[in-house]
Amino acid sequence: MLSVGWAAIFIRWCDGIDPLLISFYRMAWATALLLPVSLIRAKKIFIGISRRDFLMMVFIGFILALHFGTWISSLFYTTVASSTVLVTTQPIFLVLFSMLFTSEKVRGTSILAILLALSGAIVIGLGDLRFTGDYIKGDLLAIAGAVCVAIYLFLGRQVRQRVANLAYVQIVYASSALFLLAGVLIFSDFSYDFPLRQHIWLLCLGLIPTVLGHTLYSWALKQMRAYLVGTSILGEPVGASFYAWLIFKEIPPETTIYGALLIFAGVVTLFYSERKNIA
């Protein structure tokens, strides 16, 4: 959560670059940064991966690319608050997936804890949350982004039981980067003509929120249920608000503080309720 919270800061410093292109560079840098370590450990981590798991990881990379594409696109049609609140509904979908497609039983206390954390996200975005007029398209795109990230975590939970984390993220990130590149070539224009400082921020975006943040989320998928990992992601906007306060001197409104407390209470309650299900 501490690592992923930096994503919004680095993206803000990349102002002027097409969002889809930012997503591509994020995943491309993550792939490149992990590659040397993956090559050194190739015989240990890649041997034994079945064709089915490999194709599943490529598909998960596609879902991750869809998540970036739909969520980032939603920001062009609706408010940041609406987009953020709607995309953070993904724990609800994860709980539904777990109940429908696995034998994992979800405790009533856990459901209440997830709803508590979700209420915190809603409180943060209440200031300009809108569901009418031209905003509907953006809201639907944000919900699509939530479904995609829920599928990404749910399927990742299944594959991570059999595949080493480093091999998993290397294949998923590389696949996602290729799909995003295709998206850039189809819907936008590819470019690398940016100031040096923006290349540095793109590198940092690949390193801190992705190689550190998302890779740790993937590691956690083997240790705990997907909806636990998904709920912890609700801390991302809280971290982003804190960093924006430190760096940009943006004082968060009271609703952000109250929402952060609700998210923190929900996440702590959830992990305490599910402590026996964490390996």
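Our structure's up above, just so we're on the same page.
Sequence positions are assigned chain by chain, starting from 1 and proceeding in written order. Per-residue local features are limited, in this predicted model, to residues with pLDDT of at least 70; the limit for side-chain atom pairs, both in listing and counting, is 80 or more; totals at the level of whole chains, interfaces and linings are taken over all residues. No hydrogens and no water enter the side-chain calculation; it runs on all heavy atoms of the structure.

A.B. asks: Describe empty space enclosed by the protein, naming the residues involved and giving the relevant values.
C.D. replies: Note on definitions: the grid is 1 Å and covers protein atoms alone; a cavity is a set of points where a 1.4 Å probe fits but cannot get out; a pocket is an open set with protein on both sides within 12 Å along at least five of seven lines; lining residues have an atom within 4 Å of a point. Grid points are joined across faces, edges and corners, and a volume is the space filled by probe spheres set on the points. Within the structure shown, the criterion is met by 1 cavity of 30 Å³ or more. Put simply, the largest cavity is a space of about 50 Å³. Taken together, Ile 11, Pro 19, Ile 22, Ser 23, Arg 26, Phe 68, Trp 71, Ile 72 and Leu 205 form the lining of the largest cavity. A helix here means a DSSP run of H or I that spans at least four residues, while a strand means a run of E at least two residues long, and both kinds are numbered starting from the N terminus. When residues of the lining of the largest cavity are traced back to their parent elements, those giving at least two are α2 (19-40) and α4 (51-74). If one sorts the elements of the lining of the largest cavity by residue count, α2 sits on top with 4 residues. All amino acids are sorted into three groups, where Ala, Val, Leu, Ile, Met, Phe, Trp, Tyr, Cys and Pro are nonpolar, Asp, Glu, Lys and Arg are charged, and the leftover types, Gly among them, are polar. When grouped by side-chain class, the residues that make up the lining of the largest cavity number 7 nonpolar, 1 polar and 1 charged.

A.B. asks: With reference to specific residues and values, describe the nonpolar core.
C.D. replies: One recurring pattern in soluble globular proteins is that nonpolar side chains are buried together. Among buried residues, the Ala, Val, Leu, Ile, Met, Phe, Trp, Tyr and Cys ones that are joined through side-chain atoms within 4.5 Å form a nonpolar core. We call a residue buried when its accessible area falls under 20% of the maximum for its residue type, exposed when it is over 50%, and partly exposed in between, using a 1.4 Å probe and counting protein chains only. Counting 67 residues, the largest nonpolar core has Tyr 152, Tyr 168, Val 172 and Tyr 173 as the members making the most contacts within it. Here a residue-residue contact requires only that any non-hydrogen atoms of the pair lie within 4.5 Å. Once you skip the residues sitting within four places of it in the chain, Tyr 173 turns out to touch Met 27, Ala 30, Thr 31, Leu 34, Leu 64, Tyr 152, Thr 210, His 214 and Thr 215.

A.B. asks: Hey, could you go over a nonpolar patch on the surface for me, with residue numbers and the actual values?
C.D. replies: A grouping of Leu 185, Ile 186, Phe 187, Phe 190 and Tyr 192 is seen on the molecular surface, where their side chains present a nonpolar patch of about 650 Å² in accessible area. Structurally, the position occupied by Tyr 192 is in the loop between α9 (165-187) and α10 (196-223). Since its relative accessible area comes to 61%, Tyr 192 is described here as exposed. A patch consists of residues whose relative accessible area exceeds 30% and which take part in no salt bridge; residues with like charges are grouped when within 9 Å of each other, and nonpolar side chains (Val, Leu, Ile, Met, Phe, Trp, Tyr) when within 5 Å. Computed with the Shrake-Rupley method and a 1.4 Å probe, the accessible areas treat only the protein chains shown as cover for residues. The salt bridge criterion pairs a side-chain nitrogen of Lys or Arg with a carboxyl oxygen of Asp or Glu, the two atoms within 4 Å.

A.B. asks: Lay out the layout of surface pockets in plain terms, naming residues and giving numbers.
C.D. replies: Put simply, the second largest pocket is a space of about 360 Å³. Along its surface, the second largest pocket is lined by 16 residues, and Gly 235, Val 238, Gly 239, Phe 242 and Ala 260 are the ones closest to its centre. Elements supplying a minimum of two residues to the lining of the second largest pocket: α12 (236-248) and α13 (254-273). The residue makeup of the lining of the second largest pocket, split by class, is 12 nonpolar, 4 polar and no charged.

A.B. asks: Pulling in residues and values, what's your account of the pattern of salt bridges?
C.D. replies: Enumeration according to the criterion identifies 1 salt bridge in this entry. Salt-bridge contacts for Arg 162 lead to Asp 53; the nearest nitrogen and oxygen are separated by 2.8 Å. Here Asp 53 lies in helix α4 and Arg 162 lies in the loop between α8 (135-159) and α9, a separation of 109 residues in the sequence. Judged by relative accessible area, Arg 162 falls into the partly exposed class, the value being 48%.

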